[in-house]
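Each chain, written out:
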Amino acid sequence: MDSHGSFYSDKLRVVERWELVEGDAIRYEATIEDPNVFTSPGTVAFTRGRMGGEDYEFFEEAVTARPNRPATFFFGKKTTYGQLGKQVEEFASALASLGVSNGDRVALILPNLPGYAVAHFAAMKLGAILVPTNPLYVERELKLQLNDSSVETVVCLDLLHPRLSSVIPETSVKLVIYMGIQDFLPFPLKVGYRIKNRGKAPIEPGENIYFYRDLLKKRFPVIRTHPTTPDDIAIL
C-alpha cells in the first residue's frame, strides 16, 4: 500500500508520503517547504518497525535525523530538535528521580507552549501514561478529570496554581511540577514578563511541589527509554 497527500497554509507546503513495507512496518516521509524557515525544502523520513510500536521512537528519530531543524517557535524564540531532545532528556531524568515510572499517570495542565512538548515526550520516555487536561477546566471539571484517571503526578502552568491547589486534597495527586511562560520566552520578553507579574503572590514551596526551571539546574542520572509494546496505554 502506498499513499500520499499534501496541504498548504499560506506559504507553507507539506507533502506527505507513507507506505507499508515488510509486513506491518511503515515508511513515512514528509517534505516541508517554507521559505521563512528553510533555505531549501526540509525532509523528515523514517521507517517505523511496527504500526503502533514505541511512541517515543518517532521523536527520537526526528532528533537524530534533523537536530538543527526548528522544532518550536515561541514569541520569536526558536528551539531546534536537538535542543528539544536535550530538554526532554533532562526533564525525563528529573521525573524519574522524583519517582515517576512506567505506567504512572501524568496529567499535563498546560496551554500551547514549548513546555508541553517537553513534558509530553519526557513522560513517554519513562513509559508513563499521559493525561492531557484542558487548562480552561474549572475546579469541578479538573477534580473529575484527575480522579477519573487516578493521576498522581501533575505538570501544570504556574498561573493555574490557585485552581489546582484547591482540588488537590480531594484527589490522588502526590507530585506537582509547575512550568511558567517565562521559562520559554526569549531574553527581553522574559525580563518584561517578570516585571509585569512581580506583584502577584508567589507559589509557596511545599512538600512534593517543584518548579521546572529549578529542576533543570540540577543533575540527575541519565535514564534509558522504557521499552513499550503496541498494547501499552500511551494516553488517556
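Treat the numbers as computed from the prediction; the structure is a model and nothing was measured.

**Concerning a nonpolar patch on the surface**
And step 1. On the surface, a nonpolar cluster with roughly 310 Å² of combined accessible area is contributed by Phe 187, Val 191 and Ile 195.
And step 2. Here Ile 195 lies in helix α6 (residues 187–196).

**Details of the packing of aromatic side chains**
And step 1. Applying the stated rule across the entire model yields six aromatic pairs.
And step 2. Ring centres of Phe 74 and Phe 75 lie 4.9 Å apart, and the angle between their planes is 90 degrees; on these two criteria the pair is classed as edge-to-face.
And step 3. Look at Phe 75 and you get exposed, because its relative accessible area is 57%.
And step 4. When the centroid spacing of 5.3 Å and the interplanar angle of 75 degrees are considered together, the rings of Phe 91 and Tyr 212 count as edge-to-face. In this pair, Phe 91 sits in helix α2 (residues 81–97) while Tyr 212 sits in helix α7 (residues 212–215), placing the two residues 121 residues apart along the sequence.
And step 5. The class for Phe 91 is buried, based on a relative accessible area of 0%.
And step 6. Residue classification places Tyr 212 among the buried residues on the basis of a relative accessible area of 3%.
And step 7. Linked through ring pairs, Tyr 56, Phe 59 and Phe 121 together constitute an aromatic cluster.

**Let's talk about the packing of helix α1 (residues 56–65) against α2**
And step 1. Packing of α1 against α2 leaves a shortest axis separation of 8 Å and a crossing angle of 135 degrees. Relative to α2, the element α1 lies oblique. Side by side, α1 and α2 meet where Tyr 56, Phe 59, Ala 62 and Val 63 of the first sit next to Tyr 81, Gly 82, Leu 84, Gly 85, Val 88 and Glu 89 of the second.
And step 2. Broken down by class, the residue content of the contact of α1 with α2 amounts to seven nonpolar, two polar and one charged.

**Things to note about the pairing of strand β6 (residues 77–80)**
And step 1. Strand direction decides the pairing type here: strand β5 (residues 70–74) and β6, joined by four bridges, are antiparallel. Following the sheet pairing, Thr 72 is matched in β6 by Thr 79.

**Details of the confidence of the model for the chain**
And step 1. In the predicted model, the chain carries a mean pLDDT of 82, and 77% of its residues have values of at least 70.
And step 2. Contacts for the low-pLDDT stretch residues 6–11, under 50 throughout, to residues beyond four places or in other chains number eleven contacts.
And step 3. In this model, residues 37–53 is a region of pLDDT below 50 whose contacts with residues beyond four sequence positions or in other chains number 53 contacts.

**Regarding the side chain of Ser 93**
And step 1. By the element assignment, Ser 93 lies in helix α2.
And step 2. A polar atom in the side chain of Ser 93 sits 3.2 Å from the backbone oxygen of Pro 221.
And step 3. Beyond its immediate stretch of four places on either side in the chain, Ser 93 contacts Phe 220, Pro 221, Val 222 and Ile 223.

How each quantity is defined
Residues numbered from 1 in each chain as written. Predicted model: local features only at pLDDT ≥ 70, side-chain atom pairs only at ≥ 80, totals over all residues. Heavy atoms only, no water. Patch = residues over 30% accessible without salt bridge, like charges linked within 9 Å, V, L, I, M, F, W, Y side chains within 5 Å. Areas by Shrake-Rupley, 256 points an atom, 1.4 Å probe, with all protein chains shown as cover. Salt bridge = Lys/Arg side-chain N within 4 Å of Asp/Glu carboxyl O. Helix = DSSP H or I, 4+ residues; strand = E, 2+ residues; numbered from the N terminus. Phe/Tyr/Trp six-rings, centres within 6.5 Å; stacked < 30°, edge-to-face > 60°. Buried < 20%, exposed > 50% of the residue type's maximum accessible area, 1.4 Å probe, protein only. Axes fitted to C-alpha atoms, helices over the stretch in contact; angles between N-to-C directions. Parallel < 35°, antiparallel > 145°, perpendicular 65-115°, else oblique. Contact = heavy atoms within 4.5 Å. Nonpolar A, V, L, I, M, F, W, Y, C, P; charged D, E, K, R; others polar. Pairing = 2+ DSSP bridges. pLDDT = per-residue confidence, 0-100. Polar contact = N/O pair within 3.5 Å; in protein donor to acceptor, adjacent residues only side chain to side chain.

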